[in-house]
Amino acid sequence: QVQLVESGGGLGQPGGSLRLSCAASGRISSINWMGWYRQAPGKLRELVAGMPSAGRTNYADSVKGRFALSRDIAKNTVYLEMNSLKSEDTAVYYCKIIAGLSAYWGQGTQVTVSS
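Residues numbered from 1 in each chain as written. Predicted model: local features only at pLDDT ≥ 70, side-chain atom pairs only at ≥ 80, totals over all residues. Heavy atoms only, no water.

On to the overall build of the protein chain, then. Helix and strand counts for the protein chain stand at zero helices and eleven strands. In sequence order, the protein chain lays out its α and β elements as β-β-β-β-β-β-β-β-β-β-β. The C-alpha radius of gyration of the protein chain comes to 13 Å, within 12% of the 13 Å expected for a compact globule of 115 residues. The principal-axis extent of the C-alpha atoms belonging to the protein chain is close to 40 × 25 × 25 Å. The buried share of the protein chain, reckoned over its 115 residues, is 40%. Here the contacts in the protein chain between residues at least 6 apart in sequence split such that 53% fall between residues at least 24 apart. (Helix = DSSP H or I, 4+ residues; strand = E, 2+ residues; numbered from the N terminus. Rg over C-alpha atoms; globule rule 2.2 N^0.38 Å. Buried < 20%, exposed > 50% of the residue type's maximum accessible area, 1.4 Å probe, protein only. Contact = heavy atoms within 4.5 Å.)

Rendered as structure tokens:
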């Protein structure tokens, strides 16, 4: 069984930074994709950033230039560095990986941007 454990959410200041981490454990076959989604109240879940095993990282237009996705392959961990935070970044952030033919989700971590 595969588990994703997220950490790093919480309260951020407008213009500030937060860093999210997502560590995958368990019987994981080859990871094809790692990334983050978010869901704000009353809105659909949306892709924030995603990184295929080979290829370029994709970012939502709303976070380009502010957020950066990275990963540590040896640790099966993906990170989301969030800078220049805005109130509209407030949401529950979900980590997702695709390994083999299966997709796995984290439990979600709340990010609130407020002064």
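In this section: the state of the cysteines. By the definition in use, this model includes one disulfide. With its sulfur 2.1 Å from that of its partner, Cys22 forms a disulfide with Cys95. Its S-S torsion of about -80 degrees marks the bond between Cys22 and Cys95 as left-handed, since a negative value means left-handed. Of this pair, Cys22 sits in strand S3 (residues 18–25) while Cys95 sits in strand S9 (residues 91–99), placing them 73 residues apart in sequence. For the pair Cys22 and Cys95, one class covers both residues: buried. (Disulfide = S-S within 2.5 Å.)

As for its position among the elements, Thr77 is in strand S8 (residues 77–82). Classification of Thr77 by relative accessible area gives buried; the value is 7%. A polar contact is formed between the side chain of Thr77 and the backbone oxygen of Lys75, at a distance of 2.9 Å. (Polar contact = N/O pair within 3.5 Å; in protein donor to acceptor, adjacent residues only side chain to side chain.)

Turning next to the pattern of salt bridges. Pairing of side chains with opposite charge becomes possible as their charged atoms draw close. A complete count under the given rule lists five salt bridges for this structure. Note that Glu81 is salt-bridged to Arg19, the shortest N-O span being 3.7 Å. Remark: Arg19 occurs in strand S3 and Glu81 occurs in strand S8; sequence separation between them is 62 residues. Under the relative-accessibility criterion, Glu81 is labelled partly exposed at 28%. Where Lys64 meets Asp61, a salt bridge forms, and the shortest distance between an N and an O atom there is 3.1 Å. Across this residue pair, the class does not change: Lys64 and Asp61 are exposed. When salt bridges that share partners are traced, they join Arg38, Glu46, Arg66 and Asp89 into one network. (Salt bridge = Lys/Arg side-chain N within 4 Å of Asp/Glu carboxyl O.)

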